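# Per-entry structural report
The primary structure of each chain is shown beneath.
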Amino acid sequence: MLVAAAVCPPTPLIALQLDDLRSACHAAIAALRDARPDVLLVVGGAESTSTYGGQAAGTLRPWGLDVTAGRDEPPVLPLSLTVGRWLLGDRAPDSFQSVAHDATSKECRLLGEKLGKVADRVALLVMADGSACLSPRAPGKYDDAAKPYNDLIANAIAHADPGALATLDPAQAERLWVSGRAALQVLAGAAGARGYEGRLLMEAAPYGVGYFAGLWT
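Quick summary incoming for the structure in this document. (Residues numbered from 1 in each chain as written. Predicted model: local features only at pLDDT ≥ 70, side-chain atom pairs only at ≥ 80, totals over all residues. Heavy atoms only, no water.)

## As for the packing of helix α3 (residues 105-116) against helix α7 (residues 181-191)
Working note: a packed helix pair is described by the angle between its axes plus the distance between those axes. Relative orientation of the contacting elements α3 and α7 amounts to 50°, with a least axis distance of 6 Å. On the basis of the axis angle, α3 is oblique to α7. Where α3 crosses over α7, the two elements pack in a sense that is right-handed. Within the contact between the two elements, α3 uses Ser-105, Cys-108, Arg-109, Leu-111, Gly-112, Glu-113, Leu-115 and Gly-116 and α7 uses Arg-181, Ala-182, Gln-185, Val-186, Gly-189 and Ala-190. Considered class by class, the residues forming the contact of α3 with α7 number six nonpolar, five polar and three charged. (Axes fitted to C-alpha atoms, helices over the stretch in contact; angles between N-to-C directions. Helix = DSSP H or I, 4+ residues; strand = E, 2+ residues; numbered from the N terminus. Parallel < 35°, antiparallel > 145°, perpendicular 65-115°, else oblique. Left-handed = near helix turned anticlockwise from the far one by under 90°. Contact = heavy atoms within 4.5 Å. Nonpolar A, V, L, I, M, F, W, Y, C, P; charged D, E, K, R; others polar.)

Below, the structure written as structure tokens:
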């Protein structure tokens, strides 16, 4: 069963700047380890749904950073999982799981349920961000609906509310450039109906993109 989960942003900027957000992510990851999981899994959005071994590597070179995380060659991890591996530092996870950005809510829920059953004590590092349409300078076109959608995610993380994450609308997420929607719904599936304590350690929106550092225990 899921005993702990951390939510961190899958942005390469966290390896270059955003020091406060990076510190909040490290605090969330430390709490994952304190939960004494039997397995630690990293989940993040990508073009397709795939599983990777714990020694898999990824690189941030396509985003202009000479950073590689993990041991295997060649680097194969998508961006979200690469940033997660980099945040983990010296300790590799047991495996990585990407989920397709366009996966349906049901597909995400079923994947989460499956991940939650791989061991008696499972911890997830969920690499997910909010809307990229939060300001006129954002990567996506500014949209008045972006902030309410982003607030819904922040509140769900803060209150450990898998039901709220399960209701995230995929079509609206695509319109609002919420690339973390699928990974967050995997988290909802893994949590199920069990109760957790939630903490939103930090929320920020540099450059008009919603980033979160949160923890469920």
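## Some remarks on the environment of Arg-121
Among the structural elements, Arg-121 can be located in the loop between α3 and β7 (122-127). Those residues in contact with Arg-121 that sit more than four places away from it in its chain are Met-1, Val-3, Ala-35, Arg-36, Pro-37, Asp-38 and Val-39.

## Things to note about the sheet that holds β7
A sheet is described by the order of its strands in space; here seven strands give the open sequence β3-β6-β2-β7-β1-β9-β8, paired in mixed fashion. Edge positions in the open sheet fall to β3 (50-53) and β8 (198-204), since each of these has one partner strand only. Neighbouring strand axes in the sheet, compared pairwise and without regard to direction, differ in orientation by 20° on average. When strand β2 (residues 39-46) meets strand β6 (residues 95-100), the two strands line up parallel, connected through six bridges. (Pairing = 2+ DSSP bridges.)

## Regarding the nonpolar core
If you look at the biggest cluster of nonpolar residues, it comprises 42 residues, and the most contacted ones within it are Leu-2, Val-99, Leu-124, Ile-153, Leu-165, Leu-187 and Trp-216. Take this core: its biggest share by element is eight residues, from α7. Setting aside its immediate chain neighbours within four residues, Leu-124 contacts Leu-2, Ala-4, Ala-5, Ala-6, Leu-32, Leu-41, Val-43, Leu-187 and Ala-190. (Core = buried A, V, L, I, M, F, W, Y, C linked by side-chain atoms within 4.5 Å. Buried < 20%, exposed > 50% of the residue type's maximum accessible area, 1.4 Å probe, protein only.)

## What about a negative patch on the surface?
Together, Glu-47, Asp-102, Glu-107 and Glu-174 give the surface a local cluster of negative charge. Looking at the element boundaries, Glu-107 is found in helix α3. (Patch = residues over 30% accessible without salt bridge, like charges linked within 9 Å, V, L, I, M, F, W, Y side chains within 5 Å. Areas by Shrake-Rupley, 256 points an atom, 1.4 Å probe, with all protein chains shown as cover. Salt bridge = Lys/Arg side-chain N within 4 Å of Asp/Glu carboxyl O. Lys, Arg positive; Asp, Glu negative; His and termini not counted. Charge placed at Lys NZ, Arg CZ, Asp CG, Glu CD.)

## Some thoughts on the packing of helix α1 (residues 19-34) against helix α2 (residues 79-88)
Interaxial distance between α1 and α2 falls to 10 Å at its minimum, and their mutual angle equals 75°. The angle between α1 and α2 places the two elements in the roughly perpendicular class. In this structure, α1 contributes Arg-22, Cys-25, His-26, Ile-29 and Arg-33 to the contact, and α2 contributes Trp-86, Leu-87 and Leu-88. The class makeup of the residues in the contact of α1 with α2 is five nonpolar, one polar and two charged.

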